[in-house]
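Results of the structural survey
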Amino acid sequence: MPTKEEIALELSNLERKVLPAVLKSNSIPELIRETGLIEIEVLRALQWLANKELIALEKKEEEIYKIDSNGKLYLKRGLPEKRFLQEIEPKEKKISEFKQVDKDELNVCVGLLKRNNYINVKKEQELTFSITKEGQEKIKKGFVEEALLNKLPLSSSSLTTEDKKIFEELLKRKNIILKDKKTEFFAKLTVLGKELLKDKKLLETKVADKLTPEMIRTGSWKETQLKTFDITSKVPRINKGKKHFVNEAIEYIRNIWLELGFEEMEGNQVQSAFWDLDALFVPQDHPARELQDTFYLEHNSKVDSKILQKVKKVHETGGDTGSKGWQAPYSEKIAQETLLRTHTTVVSAHTLNKLKKEDLPKKYFIVGKVFRNEVLDWKHLFEFHQVDGIVIDPDVNLVKLKGYLKEFFTKMGFTDVRIRPAHFPYTEPSAEIEAYNPVKKQWVEMGGCGIFRPEVTKTLLGFECPVLAWGLGMERIISNYYKINDLREIYKNDLEQLKTMKTFIK
Amino acid sequence: MPTITLNKNRILDLLGKKIPDEVLKDRISYLGTDLEEITKENIVVEIFPNRPDLLSEEGFARALKTFMGFDSGLKKYSAKKSSYQVVVQKDVKEIRPYTACVVVKNLKLNEEKLLNIIAIQEKLHVTYGRNRKRCAIGVYPLTKISFPITYTALKPEEIKFVPLGENKSFTGTQILKQHKTGKEYGYLLENKPKFPVFIDSKNQILSMPPIINSEQTGKVDVKTKEVFIECSGFNFNVVSKAINMLSTAFADMGGELFEVKVKYDSKTEITPSFVPEQMYLEQDYVSKYLGTHLKSTEIIKLLKKMGFDAEGNTKINVSIPSYRTDVLHPIDLVEDIVIAYGFENIKEDPQRPSTTGKELFIEKLKRKIREILIGTQYIEIFNFSLINSEEQKQLKLKNVVKIKNSLSSEYDSLRKSLIPSVLRTYKSNKHYEYPQFFFEIGTIFMKNEKKDTLVEEQNSLCISACGENVSFTTIKQELDSLLNSFNVEYSLIRVKEEIYIEGRSAKIIVNKEEIGCVGEIHPNVLNHFEIDFPISILEIDVDKLSRIIQEKILEL
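Here the structure is a predicted model, which is why all the values come from computation and not from measurement.

What follows concerns the packing of aromatic side chains. A ring pair, where both rings are aromatic, is described by two values, the distance of the centres and the angle of the planes. Using the criterion set out here, one finds 41 aromatic pairs over all chains in the structure. Clustering of aromatic rings is evident, with ring pairs tying together A:W257, A:F262, A:Y404, A:F408, A:F409, A:F414 and A:W470. Positioned above the aromatic ring of B:F67, the side-chain terminus of B:K305 is 5.4 Å from the ring centre.

Okay, structure coming up:
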């Protein structure tokens with residue numbers, strides 16, 4: 001527990017003014033009057049004092065009657081029932097003859113005035129109204145309602161029972177008044193607050209809230225007591241600029257590959273079916289190529305005929321790759337279809353095609369967007385990110401492949417990696433990658449890997465060389481890290497979410 | 001890829017062993033199939049498309065049996081000689097040219113086995129048969145048909161028979177138009193002058209592949225003891241493999257197989273044929289891929305574990321089971337050897353050749369731009385590349401790249417500018433405090449005949465601010481600060497664009513080249529997006545900026 005003296009030093013000048021005033025008055029308007037401060041200053045001081053537990057703020061909710069649109073109008077024009085009586089005072093009037101009372105007001109007036117016996121109603125061809133004695137007296141006495149309306153707003157506790165009755169009647173009518181709730185705060189000294197006030201000196205010591213340039217220059221700080229800070233109090237959040245958390249994760253992962261000596265590849269998101277699939281030896285009738293899985297554009301692409309013929313041969317007969325091929329007719333038309341890339345492996349295919357034998361060994365990676373024709377829901381995105389890596393090196397094999405994966409996932413915070421048999425049309429052997437999450441104590445599916453088939457490498461490279469390849473899903477890593485269950489949350493661009501997302505570090 | 005449910009007891013029967021679930025779980029997931037779960041009664045497993053031979057309980061158990069070491073090597077199957085004959089006529093040549101067949105006798109069918117047969121047929125149709133396009137299978141009770149059978153093609157109107165499950169006769173055209181299966185698969189025969197049919201010697205139409213069998217001759221039930229099976233398609237190898245997969249499954253069920261002579265114009269094929277295909281495999285080739293040296297004897301042992309037969313030394317001669325469809329290249333044998341060796345037994349070698357990491361310049365630049373904008377309190381947003389084409393049109397973006405088959409009309413085109421999605425982001429954040437500052441770096445797409453795909457992709461940067469006191473100046477300040485950071489001098493030229501307020505918009509010019517636009521969004525657009533505060537925005541071609549900055553770096 002801090003001592004009284006320590007607490008006193010934490011008080012700003014505003015608090016020093018407001019605290020003694022609470023001895024005399026509790027309500028905010030009174031405190032404003034008492035201290036000569038403005039409302040915001042009093043409110044602030046009260047909040048600070050409450051934080052220090054020198055006062056307690058009590059909340060009181062009160063009902064308030066406020067004037068509404070018609071009420072404002074009646075204050076100018078007079079209540080409709082008053083105008084009604086005034087019109088018939090000199091002489092009875094037919095319903096169509098009223099000038100000062102609007103049509104929609106007439107009904108209300110008639111009911112109301114009749115109930116109070118202020119008017120007589122005759123049913124002739126038309127309704128005709130005449131004033132009674134009571135009515136004439138009413139005009140003389142005047143309408144209390146108008147006087148009350150003039151005083152609004154009023155809190156319900158300040159009203160007499162009679163006035164309340166009048167207001168409740170007015171409430172039943174359209175838009176004359178309305179009832180609202182107002183919260184008022186009252187300050188009360190706590191035991192600690194009272195204790196502090198007993199020692200007058202404590203509050204009278206001059207303290208400076210701020211260290212001013214003036215004090216520094218003149219050296220007056222030596223004689224000044226600076227207010228101390230309550231170091232435990234909450235501070236307002238700083239508005240800071242921020243990278244999108246997906247880009248944070250992407251950058252983190254890119255960095256790992258760069259550290260491991262990988263070169264970054266680039267490539268387009270719009271591709272021909274040829275590069276996205278055929279060049280990777282995906283048979284043209286492969287189930288995954290069906291229309292509904294892939295976004296297609298309306299036009300065809302151009303494909304270089306030299307490489308097209310080479311790939312065609314490999315599909316049909318295996319060409320010079322030592323394979324039997326798919327032994328099915330190959331359609332150049334299907335190859336020319338334009339699509340949104342279904343995997344970043346298409347960029348690896350382009351890269352292989354540009355590579356020269358003397359450049360080896362080479363290691364490449366890409367983190368990029370890929371597409372799948374899905375309807376957006378909590379577990380499906382139609383756009384997501386994939387990490388692809390390839391190693392082109394005559395000396396690589398499955399043992400090396402596992403080595404690269406282990407290295408990457410260790411840097412990603414996983415302790416172990418295992419691979420299990422899987423199938424992809426372009427790698428053989430193919431495997432599924434699982435990494436061990438030491439916190440959750442479970443194996444997490446991460447993506448696929450393998451060694452590119454000779455049908456792919458021989459055709460694209462022009463020579464035989466094993467090429468390690470892997471493709472990892474980014475969104476799984478992101479949703480695991482940020483504990484996002486609904487994948488749509490990743491791309492919802494909600495300002496609050498973007499501001500409060502933690503940084504990506506493993 | 002299909003997920004199939006196998007009867008656990010049936011699998012254990014076929015394996016001939018009692019095996020605890022834990023062991024089954026482990027072995028199945030390393031066999032090259034993706035195990036979903038093992039329950040009290042069932043094994044649920046996903047079969048990859050390269051192994052359709054595992055789609056039946058019999059085929060699955062056969063593979064598991066050698067893999068687990070309860071058996072070894074290539075399992076021998078044979079079909080008895082017979083006089084059954086199928087004559088293939090020239091008419092089918094242009095329509096569905098090939099068929100392979102088998103007769104199976106001595107079937108002891110019960111309800112469960114019958115369902116199993118139907119399930120195998122369906123799974124093969126969907127996967128290996130590519131929804132009956134590549135191949136389709138028909139099964140007929142032998143007693144209802146009489147040999148020889150003719151595989152021919154007739155004009156749709158000449159075809160008349162009662163389709164399976166119906167009680168009246170349909171013509172070929174009617175089947176396509178009115179019958180459920182006909183409507184589903186009719187497109188496979190669309191625009192063909194003639195439809196393929198199997199006809200027996202009594203001139204009964206047995207079926208119209210790949211659509212439907214006849215009710216009279218194509219209905220198999222528990223009393224059926226003998227069946228005739230045909231598979232039709234476009235490649236003899238494909239259809240005969242399908243017949244082999246079925247025949248071996250039937251044989252494992254206890255059926256007795258009989259050959260069928262399939263007489264083509266020029267030659268006669270006898271199906272099924274279980275003669276294994278031969279492939280040579282170099283011993284070194286295996287070690288090279290595996291990364292561990294294996295002796296020939298080890299390789300042969302592992303191949304036998306996967307149901308192959310093999311012999312040899314440095315050069316190993318491998319006999320491939322006749323039902324395997326996935327061995328195109330020696331590398332496919334390597335994969336099976338690795339599976340038998342055990343993926344779990346592969347060590348990891350962290351040694352790697354030293355190469356230098358290299359970041360793309362454009363990525364470096366994007367990173368720098370992000371850092372600069374974050375420093376001035378801008379928040380990065382991340383929108384989809386696909387957006388609604390109507391929205392692009394409303395913002396006067398013309399000639400956008402459209403998607404042909406998007407499942408959702410909200411996302412039916414590629415964005416030509418980042419501005420629409422940025423405005424959308426402001427709209428969805430209206431309930432938060434202002435001012436708001438957003439930026440996005442992303443790809444935009446436009447038509448360009450010069451590109452192979454006829455689409456040009458561009459890295460684009462959009463910086464924007466929204467709030468009561470935001471004006472043209474707000475973003476001009478950002479532009480100024482950004483380009484100054486890269487020491488790039490620029491000038492602004494007034495521009496009139498519908499989305500901007502007149503007199504508050506400009507082209508951004510660097511080295512006489514336009515690199516982007518800056519301006520204050522027109523209230524019309526703000527109203528359209530239901531945004532109540534002014535927005536000032538810029539969009540820059542980052543690829544151009546990157547080129548300009550790289551040139552500057554070279555100058556230094």
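On to the pairing of strand 24 (residues 455-466) of chain B, then. All names here are of chain B. With 11 of 12 residues buried, strand 24 is to be regarded as a mostly interior element. Looking at chain direction, strand 24 and strand 28 (residues 535-541) are connected through seven bridges and run antiparallel. Opposite S464, over in strand 28, you have I537 as the bridge partner.

Moving on to the packing of helix 14 (residues 245-259) of chain A against helix 21 (residues 474-481) of chain A. Residue and element names in this part refer to chain A. The geometry of helix 14 relative to helix 21 is characterised by a closest axis approach of 11 Å and an angle of 115° between their N-to-C directions. Considering the relative orientation of helix 14 and helix 21, their crossing is right-handed. Two secondary-structure elements touch here, helix 14 through F245, V246, A249, I250 and I253 and helix 21 through M474, I477 and I478. When its residues are assigned to classes, the contact of helix 14 with helix 21 shows eight nonpolar, no polar and no charged.

The next thing to look at is a positive patch on the surface. All names here are of chain A. Taken together, K440, K483, K502 and K506 make up a surface patch of like positive charges. One can find K440 in the loop between strand 16 (427-437) and strand 17 (442-452). On the accessibility criterion, K440 (44% relative accessible area) is partly exposed.

So, about the state of the cysteines. Covalent bonding between the sulfur atoms of two cysteines defines a disulfide. All names here are of chain B. Overall, the coordinates contain zero disulfides over all chains when judged by the stated rule. Counting only cysteine sulfurs, C231 is the nearest neighbor of C135, a cysteine outside any disulfide, at a range of 4.0 Å. Of all cysteine sulfurs, the one in C462 lies closest to C517, which takes part in no disulfide; the gap is 11 Å. Look at C517 and you get buried, because its relative accessible area is 11%.

This structure, assessed with the given rule, holds four cavities of 30 Å³ or more. As for the largest cavity, its lining consists of A:A422, B:L31, B:G32, B:F48, B:N50, B:R51, B:E335, B:D336 and B:I339. Tallied by class, the residues present in the lining of the largest cavity amount to four nonpolar, two polar and three charged. For the lining of the largest cavity, the two domains that each supply at least three residues are domain 1 (3-67) and domain 3 (277-339) of chain B. Around the second largest cavity, the lining residues are B:P52, B:D53, B:L55, B:S56, B:R62, B:I120, B:L124, B:M245, B:L246, B:T248 and B:Y323. Going through the elements one at a time, helix 4 (111-126) and helix 7 (236-252) of chain B are the ones with two or more residues in the lining of the second largest cavity. A class-by-class count of the residues in the lining of the second largest cavity yields seven nonpolar, two polar and two charged. When residues of the lining of the second largest cavity are assigned to domains, at least three map to each of domain 1 (3-67) and domain 2 (85-271) of chain B.

For the rest of this paragraph, the subject is the sheet that holds strand 6 (residues 177-189) of chain A. Residues and elements named next belong to chain A. Strand order in this open sheet of three strands is 5-1-6, and the pairing throughout is antiparallel. Whereas interior strands pair on both sides, the edge strands pair on one side only; in this sheet they are strand 5 (154-155) and strand 6. Relative to strand 6, strand 1 (residues 55-67) is paired through 13 bridges, and the arrangement is antiparallel. Looking at the pairing, I67 lines up with I177 of strand 6. Here helix 2 (residues 13-24) sits on the sheet in contact with strand 1 and strand 6, set at roughly 105° to strand 6.

So, on to the pattern of salt bridges. Applying the stated criterion across every chain, the model contains 70 salt bridges over all chains. Between A:R453 and A:E455 there is a salt bridge, and its shortest N-O distance comes to 3.0 Å. By the burial criterion, A:R453 is buried, and A:E455 matches it. As a salt-bridge pair, B:E22 and B:K25 come within 3.8 Å of each other at their nearest N and O atoms. Of this pair, B:E22 and B:K25 both sit in helix 2 (residues 21-29), separated by three residues, roughly a single helical turn. A relative accessible area of 55% places B:E22 in the exposed class. Connected through salt bridges with shared partners, the residues A:K243, A:E251, B:R370 and B:E380 form a single ionic network.

What follows is about the confidence of the model for chain B. Across chain B, the average pLDDT comes to 94, with 100% of residues at 70 or higher. ipTM for the predicted complex: 0.92, alongside a pTM of 0.82.

Residue and element names in this part refer to chain B. Looking at chain B, the domain boundaries give domain 1 (3-67), domain 2 (85-271), domain 3 (277-339) and domain 4 (361-555). Computed from C-alpha coordinates alone, the two centres of domain 1 and domain 3 are separated by 23 Å. Between domain 1 and domain 3, the contact holds 11 residues from the first and 11 residues from the second. Summing the contributions of domain 1 and of domain 3, the shared interface buries around 850 Å²; its carbon and sulfur component is 52%. Of all residues in domain 1, the largest losses of buried area upon contact with domain 3 belong to R51, T66 and F67, amounting jointly to 46% of the total for that side. Taken together, the connections running from domain 1 to domain 3 amount to zero salt bridges.

Checked against the element boundaries, A:G325 lands in the loop between helix 16 (305-317) and helix 17 (332-335). With residues near it in sequence (within four places) discarded, A:G325 still touches A:F281, A:V314, A:H315, A:T317, A:G318 and B:L328.

To continue, consider the interface of chain B and chain A. Across the contact, 86 residues belong to chain B and 95 residues belong to chain A. Of the roughly 8100 Å² buried where chain B meets chain A, counting both sides, 56% is carbon and sulfur surface. When the buried area of chain B at its contact with chain A is split by residue, B:L328, B:F382 and B:F384 rank highest and sum to 10% of it. Inspection of the chain B/chain A interface yields nine salt bridges. For B:E277, the salt bridge identified is with A:K324, shortest N-O distance 2.6 Å. On the surface where chain B and chain A come into contact, there are 50 residue pairs in polar contact (both at pLDDT 80 or more). Secondary-structure elements contributing two or more residues to the side of chain B that touches chain A are helix 8 (283-290), helix 10 (330-341), helix 11 (361-375), strand 20 (379-380), strand 23 (436-447) and strand 24 of chain B. Among the residues forming the side of chain B that touches chain A, the class breakdown is 37 nonpolar, 24 polar and 25 charged.

Quick notes on the rules
- Residues numbered from 1 in each chain as written.
- Chains lettered and ligands numbered in written order.
- Predicted model: local features only at pLDDT ≥ 70, side-chain atom pairs only at ≥ 80, totals over all residues.
- Heavy atoms only, no water.
- Phe/Tyr/Trp six-rings, centres within 6.5 Å; stacked < 30°, edge-to-face > 60°.
- Lys NZ or Arg CZ within 6 Å of the ring centre and 35° of its normal.
- Buried < 20%, exposed > 50% of the residue type's maximum accessible area, 1.4 Å probe, protein only.
- Helix = DSSP H or I, 4+ residues; strand = E, 2+ residues; numbered from the N terminus.
- Pairing = 2+ DSSP bridges.
- Axes fitted to C-alpha atoms, helices over the stretch in contact; angles between N-to-C directions.
- Left-handed = near helix turned anticlockwise from the far one by under 90°.
- Contact = heavy atoms within 4.5 Å.
- Nonpolar A, V, L, I, M, F, W, Y, C, P; charged D, E, K, R; others polar.
- Patch = residues over 30% accessible without salt bridge, like charges linked within 9 Å, V, L, I, M, F, W, Y side chains within 5 Å.
- Areas by Shrake-Rupley, 256 points an atom, 1.4 Å probe, with all protein chains shown as cover.
- Salt bridge = Lys/Arg side-chain N within 4 Å of Asp/Glu carboxyl O.
- Lys, Arg positive; Asp, Glu negative; His and termini not counted.
- Charge placed at Lys NZ, Arg CZ, Asp CG, Glu CD.
- Disulfide = S-S within 2.5 Å.
- 1 Å grid on protein atoms, 1.4 Å probe; cavity = no way out; pocket = protein on both sides within 12 Å on 5 of 7 lines; lining within 4 Å.
- Points joined across faces, edges and corners; volume = space filled by probe spheres on them.
- Domains from an automatic or database assignment.
- pLDDT = per-residue confidence, 0-100.
- Buried area = accessible area lost by both parts, 1.4 Å probe.
- Polar contact = N/O pair within 3.5 Å; in protein donor to acceptor, adjacent residues only side chain to side chain.

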